[in-house]
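# Overview (structure and organization)
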Amino acid sequence: MAELLTLTPPNPFDVALQCETDTGIATLPLSQELSFGSWQRGIPAEYWELDAEELTRRIRMARATLGSRVVILGHHYQREDIIQFADERGDSFALAQYAAERPESEYIVFCGVHFMAEAADILAAPHQRVILPNLEAGCSMADMASDPDVRAAWAELGEHFGGTEDIIPVTYMNSAASLKAFCGENGGIVCTSSNATKVLQWAFERGKRVFFFPDQHLGRNTGHALGVTLDQMALWNWRLPNGRLGGLEGEALDRSRIILWQGHCSVHQRFSLTQIEAARAKYPTAKIIVHPECRYDVVQAADANGSTAFIAKYVAEAPAGSVIGIGTEINLVSRLAHENPDKTIFCLDPVVCPCSTMYRVHPAYLAWVMESLVRGEVVNEINVPDETKLHARVALERMLALK
Ligand code: 13P
Ligand code: SF4
């Protein structure tokens, strides 16, 4: 039986700079995981009290029985007790690509969040069935852009500019399938944090302006890297009632090249310039690397930024003895510290919140969906409606086709 990881990364920082969670986020029985847990009510009571060891044993048995009929995909932010089962682990781009290119297995069990499983369902072959272990595992950023709000904003933009022909809608992967479909229908495209630059270039070759949602920070950071000035970026406040142009003056819209949706990730928005300054003061040789969902000033002050896969690669390729401060979710940072004992890897945020929605994929849910498959029962299937799938696939395939 593979060992469960106990994460104790080397950390030279004093208490003020330490992540509270650096010693690992141990899995408790589902019934006791109160801090981040959001129960999916349907899970049978027999799973509520099982500890991590027992769940590991049961998942392993189910998986051995199912063999190649099932593939388990794991996003980098999943906890160790889940990631140990991932046939493929990766960033949201790599996992979508996997789903698009590997029709072998009948079931794709997606250990990640809802929008990722939806993308897999859109891209997978028709005979493949996608399962999300806990249907409550969403993404608070994705929830900031609802389909009616985005369509209403689009209509307002059309009225203001006398049409939308020159506006290219770009949705971050972290969005509902219906918004990917909206982009597919309106000459737009999807991006992830690993290809946002290429995607924005693609969009600017086709239109004067980009309407970017839901993450303002990824849009701003990418636009800036491409030479769009902050003055040419307008921030659309979706909380205002319709008819108020998202709180923007007509002039600000007229000079805009990117219209940014006012969405954010609550995990990444916590990283600050003050944390980077404190880290550099303590460790002058430290490299600082952050996810582009962090604020503009944080990304500007960092040495590098990129997707979760980029961060993992950066750390793996750094020379022994490197000191690297990271601004992203704690499960990934802890894993990188554990896997790179010859380097000092630490999280920039002293009081780190894991992504609470990623954390909802407790091993009890994985055991439940896997054992159900053994019995021939599919639970928690993700089924994007056909019409949505059709248009969303257009926007996703435009992204996948970019080299
Ligand atoms: P990646 O595409 O970099 O894995 O990011 C997904 C995500 O949700 C980050 O918060
Ligand atoms: Fe969503 Fe943020 Fe969690 Fe990523 S880290 S899944 S953007 S809430």
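Shown above is the structure to which this text applies.
The shown structure was predicted, so the numbers you read here are calculated from the model rather than taken from an experiment. (Residues numbered from 1 in each chain as written. Chains lettered and ligands numbered in written order. Predicted model: local features only at pLDDT ≥ 70, side-chain atom pairs only at ≥ 80, totals over all residues.)

With 15 residues, helix α5 (residues 147-161) extends 21 Å from end C-alpha to end C-alpha; this agrees with the ideal 21 Å at 1.5 Å per step. For α5, every residue scored as buried is listed here: Val150, Ala153 and Leu157. Buried positions in α5, seen along its axis, are confined to an arc of 60° and lie on one side of it. With respect to the buried face of α5, the exposed residues turned more than 90 degrees away are Pro148, Ala155 and Glu159. Against β5 (167-172), α6 (177-185), β7 (209-213), β8 (233-236) and β9 (258-261) lie the buried residues of α5. Of the residues trailing α5, Gly162 is marked for its positive phi of about 70°. (Helix = DSSP H or I, 4+ residues; strand = E, 2+ residues; numbered from the N terminus. Expected span 1.5 Å × (residues − 1). Buried ≥ 20, exposed ≤ 12 C-beta atoms within 10 Å, placed from the backbone. Arc of directions from axis to C-beta. Contact = placed C-beta atoms within 7 Å.)

What follows covers the sheet that holds strand β10 (residues 287-290). Pairing is parallel in the open sheet, where four strands are placed in the order β11-β10-β12-β13. The sheet is open, and its two borders are formed by β11 (304-305) and β13 (344-347), each paired with just one other strand. Bridge count for strand β12 (residues 323-327) against β13 is four bridges, and the pairing is parallel. Within the sheet, the bridge partner assigned to Gly325 lies in β13 and is Phe346. (Pairing = 2+ DSSP bridges.)

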